[in-house]
Amino acid sequence: MSQLSGQDYMKPSPSPTSCSHGRRPDRRGGRVAPDPTRDIAFDIVEGVIVHRRMLDTSLEHSVAARTAEPRDRAAAHRLAATVLRHMGTANEILAPFLKREPPEPVRVVLLIGVAQLLFLDTPAHAAVATSVALARRRGLVPFAGLVNAVLRRVAAEGAQALDGLDQPRLDVPPWLWQSWGRLARPIASTLGHEPPLDLTIRPGDAAPPGGEVMPNGSVRFAPGAVRVVELPGFAEGTFWVQDMAASLPARLLDVKAGERVADLCAAPGGKTAQLACAGAEVFAIEREGRRIERLRANLARLGLDGVHVIQADAAQWRPDAPLDAILLDAPCSATGTIRRHPDAMWIKRPRDIATMTQGQDRLLAAARDMLRPGGRLVYAVCSLQPEEGEQRAQAAAAMGLVPDPFTPEELAFLPQARTPEGWLRTHPGMLGAQGGMDGFFAARFRRA
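Predicted model only: the values in this text are computed from it and were never measured.

**Examining helix α7 (residues 144–162)**
One turn of an α-helix holds 3.6 residues; hence residues three or four places apart share an orientation.
No. 1: Between the first and last C-alpha of α7 there are 25 Å, a value that for 19 residues agrees with the 27 Å anticipated at 1.5 Å per step.
No. 2: Residue A156 marks the point of greatest curvature in α7, where the axis turns by about 50°.

**Description of the domain arrangement of the chain**
No. 1: Domain annotation for the chain reports domain 1 (6–167) and domain 2 (242–446).
No. 2: A C-alpha centroid distance of 39 Å is found between domain 1 and domain 2.
No. 3: Counting residues at the interface gives 11 residues for domain 1 and 12 residues for domain 2.
No. 4: Between domain 1 and domain 2 lies a buried interface of about 1000 Å² when both sides are counted; carbon and sulfur atoms form 58% of it.
No. 5: It is R52, M54 and R85 in domain 1 that bury the most area against domain 2; as a group they hold 51% of the surface buried on that side.
No. 6: The partner of R52 in a salt bridge is D352, and the shortest N-O contact between them spans 2.9 Å.
No. 7: Linking domain 1 with domain 2 are six residue pairs in polar contact (both at pLDDT 80 or more), by the criterion used here.
No. 8: When residues of the side of domain 1 that touches domain 2 are traced back to their parent elements, those giving at least two are α2 (55–61), α3 (70–85) and α4 (87–94).
No. 9: Counting residues per element, the side of domain 1 that touches domain 2 draws most heavily on α3, at three residues.

**Observations regarding the side chain of Q116**
No. 1: For Q116, the location among the structural elements is in helix α5 (residues 104–118).
No. 2: Those residues within four positions of Q116 in sequence are excluded, and the remaining contacts are R38, L79, D121, T122, A127, T130 and S131.

What counts, and at which threshold
Residues numbered from 1 in each chain as written. Predicted model: local features only at pLDDT ≥ 70, side-chain atom pairs only at ≥ 80, totals over all residues. Heavy atoms only, no water. Helix = DSSP H or I, 4+ residues; strand = E, 2+ residues; numbered from the N terminus. Expected span 1.5 Å × (residues − 1). Bend = angle between axes of the 7 residues up to and from the residue. Domains from an automatic or database assignment. Contact = heavy atoms within 4.5 Å. Buried area = accessible area lost by both parts, 1.4 Å probe. Salt bridge = Lys/Arg side-chain N within 4 Å of Asp/Glu carboxyl O. Polar contact = N/O pair within 3.5 Å; in protein donor to acceptor, adjacent residues only side chain to side chain.

Okay, structure coming up:
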């Protein structure tokens, strides 16, 4: 930790009392009351921005989370996600009050404080006090006064400062903004809000009451309106959670009853369920053991025990006979899901995309070799990056796979998602007035 004191990082206030309200900066050490919500949120945010771990992975690494109540874990997840959704704006708000870059743990505490003050409507005294206490619990006692003073100034001046900021632009890393081109602002304008909850209903079953039916048949609930495990029909397996856009690739594969179909990289199982419900014989391929467990549990709840669940590397697995159809929802940068997983914006780098595309090409070549002549392949990624979407479709064609464009009739319920090439491209700003959707790319091919 730096040898400088907290005051060495603080820009002086124009008014001696505006930041402290006549109080001396709090320099007390000693024990402070536990606060699992903010301790877990600290672990998550630090894990993402310092260690470049995904949000859920950082949550698993959190010692505080292991004994926390579910409600505290949920509140911590929401607080951490709010920090990550607004991190660019929060850093811009903090900049005028800091004369040098604070140590990373101190910045994490400050970001948590700003998120509470400006984006979660936490009362100012509570946001400041809990952040100072968090600094103490994290061994940052020399910086407790800095946290106190800076956040008091944010409480007094931050809301007014927000009015002059281009928040969508600030809250997206510059390389991502540039890569999205003309879609950057429509995409970024949706990222400051929690996304809705979408359900796919098992054919023949009734949807839970209270949801909005979307153009593709998904049933949508407003953010935070329901707890999915408490909805009627959850235990009976009448539906599963699946973003509207995520439901489209399996639908566009158009499988028929009795066809032999593989879902490569299958976990958590939403697309596998769609294929199985269509009557196909499904081979669900997943490499990672923990994801296999989740896949099996989800299929069991849905009563889809006839699916062949296979733990294998999809690039190396081969069926015992050629397949009629394959759904390849390839591992990717996941930038299309940043409404739900804002951590993806801050842990990915441009060089990561090149690594991803190499793996995607290996899977495309493997899938081609699994198909019978005339067999169908839908390649999909939950990515907004053209390198992983449009450019991979071009690579697939160069491998000898024959493009089979989606027809206007197939996408009549969402015509704006059909590209001139006949590919599918969704993004978070699409159907924005109804809550938007994840970003997906999909293209269909046949084996010659």
